[in-house]
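# Overview (structure and organization)
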Amino acid sequence: MADLRVTVAGVEFKNPVIPASGTFGYGREYEQFYPLSRLGGLSTKGTTLLPRQGNPGPRIAETPSGMLNSVGLQNGGVRKFLDYELPNLLQKDTRIVANIAGSTIEECAQLAEILNGSGVDMIELNISCPNVKQGGAAFGTDCCVAAEVTSAVKKVSEKPLMVKLSPNVTSIAEIAKAVEAAGADALSLINTILGMRIDISTRRPILKNNVGGLSGPAVFPVAVRMVWQVYNAVSIPIMGMGGISCCEDAIEMMMAGASAVQVGAAIFSDPYAPVKIIDGMDRWCDENGVKNISEIVGTVRPW
Ligand code: SIN
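Below or above, wherever it landed, is the structure these notes cover.

## What about the layout of surface pockets?
When its volume is computed, the largest pocket comes out at roughly 610 Å³. Contributing to the lining of the largest pocket are 39 residues, with Ser 21, Gly 22, Thr 23, Lys 45 and Asn 69 lying nearest its centre. Across the lining of the largest pocket, the residue classes break down as 16 nonpolar, 20 polar and three charged. There is about 150 Å³ of room inside the second largest pocket. Every element with two or more residues in the lining of the second largest pocket is listed here: strand 2 (11–13) and strand 7 (95–100). Its residues assigned to classes, the lining of the second largest pocket shows three nonpolar, three polar and five charged.

## Focus: empty space enclosed by the protein
All chains considered together, the criterion is met by one cavity of 30 Å³ or more. The computed volume of the largest cavity comes to approximately 40 Å³. Considering the residues around the largest cavity, the lining is formed by Gly 216, Pro 217, Gly 243, Ile 244, Ser 245, Gly 264, Ala 265 and Ala 266. Across the lining of the largest cavity, the residue classes tally to four nonpolar, four polar and no charged.

## Topic: the nonpolar core
Membership of the largest hydrophobic core comes to 89 residues, with the highest contact counts inside it found for Leu 165, Leu 187 and Leu 189. Looking at this core, the element that brings in the most residues is helix 9 (residues 273–287), giving seven residues. The contacts of Leu 189, once residues within four sequence positions are left out, are Leu 165, Ile 172, Met 226, Val 227, Val 230, Ile 238, Met 239, Gly 240 and Met 241.

## Description of the site of the ligand
Close contacts around the ligand come from Lys 45, Asn 69, Val 71, Gly 72, Leu 73, Asn 126, Cys 129, Pro 130, Asn 131 and Asn 191, and that covers them all. The side chain of Lys 45 places a nitrogen or oxygen atom 2.7 Å from an oxygen atom of the ligand. One nitrogen or oxygen atom from the side chain of Asn 131 is found 2.7 Å from an oxygen atom belonging to the ligand. Protein contacts shield 91% of the accessible area of the ligand, which totals 260 Å² for the unbound molecule. Given that more than half its atoms are within 2 Å of the pocket grid, the ligand belongs to the largest pocket.

## Some points on the environment of Leu 90
Inspection of the secondary structure assignment puts Leu 90 in the loop between helix 1 (77–89) and strand 7. Leu 90 gets classed as partly exposed once you look at its relative accessible area, which sits at 43%. Separated by 54 residues in sequence, Leu 90 and Leu 36 place their C-alpha atoms 11 Å apart.

## Here we look at helix 9
Along its 15 residues, helix 9 runs 21 Å from first to last C-alpha, staying within 8% of the 21 Å computed at 1.5 Å per residue. Residues of helix 9 that are buried: Ala 273, Pro 274, Val 275, Ile 277, Ile 278, Gly 280, Met 281, Asp 282, Trp 284 and Cys 285. Against the buried residues of helix 9 lie strand 3 (17–19), helix 7 (247–256), strand 16 (260–263) and helix 8 (266–269).

## Quick word on the sheet that holds strand 15 (residues 238–241)
Paired through backbone hydrogen bonds, the strands of a sheet run either parallel or antiparallel to each other. Strand order across the open sheet formed by eight strands is 3-16-15-10-9-8-7-4, with parallel pairing between neighbours. Where the open sheet ends on each side, the last strands, each with one partner, are strand 3 and strand 4 (41–43). Geometrically, the sheet is characterised by an average inter-axis angle of 25° between neighbouring strands, direction not taken into account. Of the strand pairs in this sheet, strand 7 and strand 8 (residues 122–126) are connected by four bridges, and their pairing is parallel. Directly across from Val 97, in strand 8, lies its bridge partner Met 122. Most of the contacts of helix 9 go to strand 3, to which it runs at about 175°, and overall it touches strand 3 and strand 16.

## Quick word on the pairing of strand 14 (residues 212–215)
Of the strand pairs in this sheet, strand 6 (residues 66–69) and strand 14 are connected by three bridges, and their pairing is antiparallel. When the bridges of strand 14 are listed, Leu 68 appears paired with Leu 214. With three bridges connecting them, strand 11 (residues 193–195) and strand 14 associate as antiparallel partners. Across the sheet, residue Gly 195 finds its bridge partner in strand 14, namely Gly 212.

## Examining the pairing of strand 8
Counting buried residues in strand 8 gives five out of five residues, a clear majority hidden from the surface. By the alternation rule, side chains of strand 8 split into Met 122, Glu 124 and Asn 126 and Ile 123 and Leu 125, which are all buried. For the crossover that starts at strand 7, traverses helix 2 (residues 105–116) and ends in the parallel strand 8, the hand is right-handed. Looking at chain direction, strand 8 and strand 9 (residues 161–164) are connected through four bridges and run parallel. What sits directly across from Asn 126, in strand 9, is Lys 164.

Conventions and cut-offs
Residues numbered from 1 in each chain as written. Predicted model: local features only at pLDDT ≥ 70, side-chain atom pairs only at ≥ 80, totals over all residues. Heavy atoms only, no water. 1 Å grid on protein atoms, 1.4 Å probe; cavity = no way out; pocket = protein on both sides within 12 Å on 5 of 7 lines; lining within 4 Å. Points joined across faces, edges and corners; volume = space filled by probe spheres on them. Nonpolar A, V, L, I, M, F, W, Y, C, P; charged D, E, K, R; others polar. Helix = DSSP H or I, 4+ residues; strand = E, 2+ residues; numbered from the N terminus. Core = buried A, V, L, I, M, F, W, Y, C linked by side-chain atoms within 4.5 Å. Buried < 20%, exposed > 50% of the residue type's maximum accessible area, 1.4 Å probe, protein only. Contact = heavy atoms within 4.5 Å. Near = heavy atom within 4 Å. Polar contact = N/O pair within 3.5 Å; in protein donor to acceptor, adjacent residues only side chain to side chain. Areas by Shrake-Rupley, 256 points an atom, 1.4 Å probe, with all protein chains shown as cover. Sits in = over half its atoms within 2 Å of the grid points. Expected span 1.5 Å × (residues − 1). Pairing = 2+ DSSP bridges. Axes fitted to C-alpha atoms, helices over the stretch in contact; angles between N-to-C directions. Right-handed = clockwise from strand over helix to strand, strands pointing away.

Function cannot be read off these values alone, since they describe shape.
Below, the structure written as structure tokens:
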């Protein structure tokens with residue numbers, strides 16, 4: 001058996017597979033399928049300071065090889081996360097990545113400060129949600145603002161800080177460099193790609209929000225390209241995500257430069273996807289003479 005352990009920003013994960021924020025809730029619904037201890041970790045649904053209802057529906061639309069969502073960061077707020085969700089998660093013998101999102105820079109810093117005293121292993125600062133009017137992608141699509149919010153959170157946070165980047169930019173490498181310079185310990189990418197579907201019988205957008213974020217296998221090549229570009233631009237580790245649905249996708253993403261991977265939309269059609277990927281990686285390593293999965297990170301040989 002290969003050694004699947006990976007370390008990201010000083011945090012050791014027992015394997016490199018982590019369900020992505022917003023696709024796994026807080027794990028409760030998935031425990032009927034397998035123990036959460038099988039997972040390298042999990043990234044919790046984006047937590048805001050106060051509870052949010054999210055956007056009005058419809059907020060999901062199917063697309064070829066993917067889906068659009070415009071959820072709008074529905075969640076119970078950081079108090080509910082700390083009092084109700086986290087105590088349960090901390091018993092699961094897996095790493096907990098707390099995804100946080102603020103409408104203002106101050107709110108992001110406040111969230112990080114609140115989480116200092118908690119048992120979460122890492123903060124994932126979401127500066128890339130395309131479905132909210134304040135914060136979200138507005139933070140993550142401008143180098144200066146992305147750096148400002150990263151630096152504000154880094155100043156107060158006692159946890160390793162990973163920043164989740166938006167693909168809806170001209171140069172993701174430039175944003176990544178700005179965020180690294182501002183103190184991020186790791187990066188995660190990509191969040192969803194802004195998209196739109198129209199019902200031609202009503203001539204109305206399918207999503208009530210008109211637009212939403214595209215995820216699923218359709219975005220996978222874009223995600224691989226962006227992870228590779230960012231890997232070549234920064235020195236901090238990357239969690240790669242975007243359309244990963246099988247072990248081969250995860251291996252490809254790691255060869256592009258990801259130290260670990262997050263699995264998102266695939267979980268909606270197959271709740272077992274993360275554990276199938278973990279088992280598949282183990283087999284792949286044995287078949288390919290790889291003793292430690294970290295050996296493959298960034299090993300793509302460009303022409
Ligand atoms: C959402 O809740 O709208 C999705 C979160 C995200 O894309 O960051």
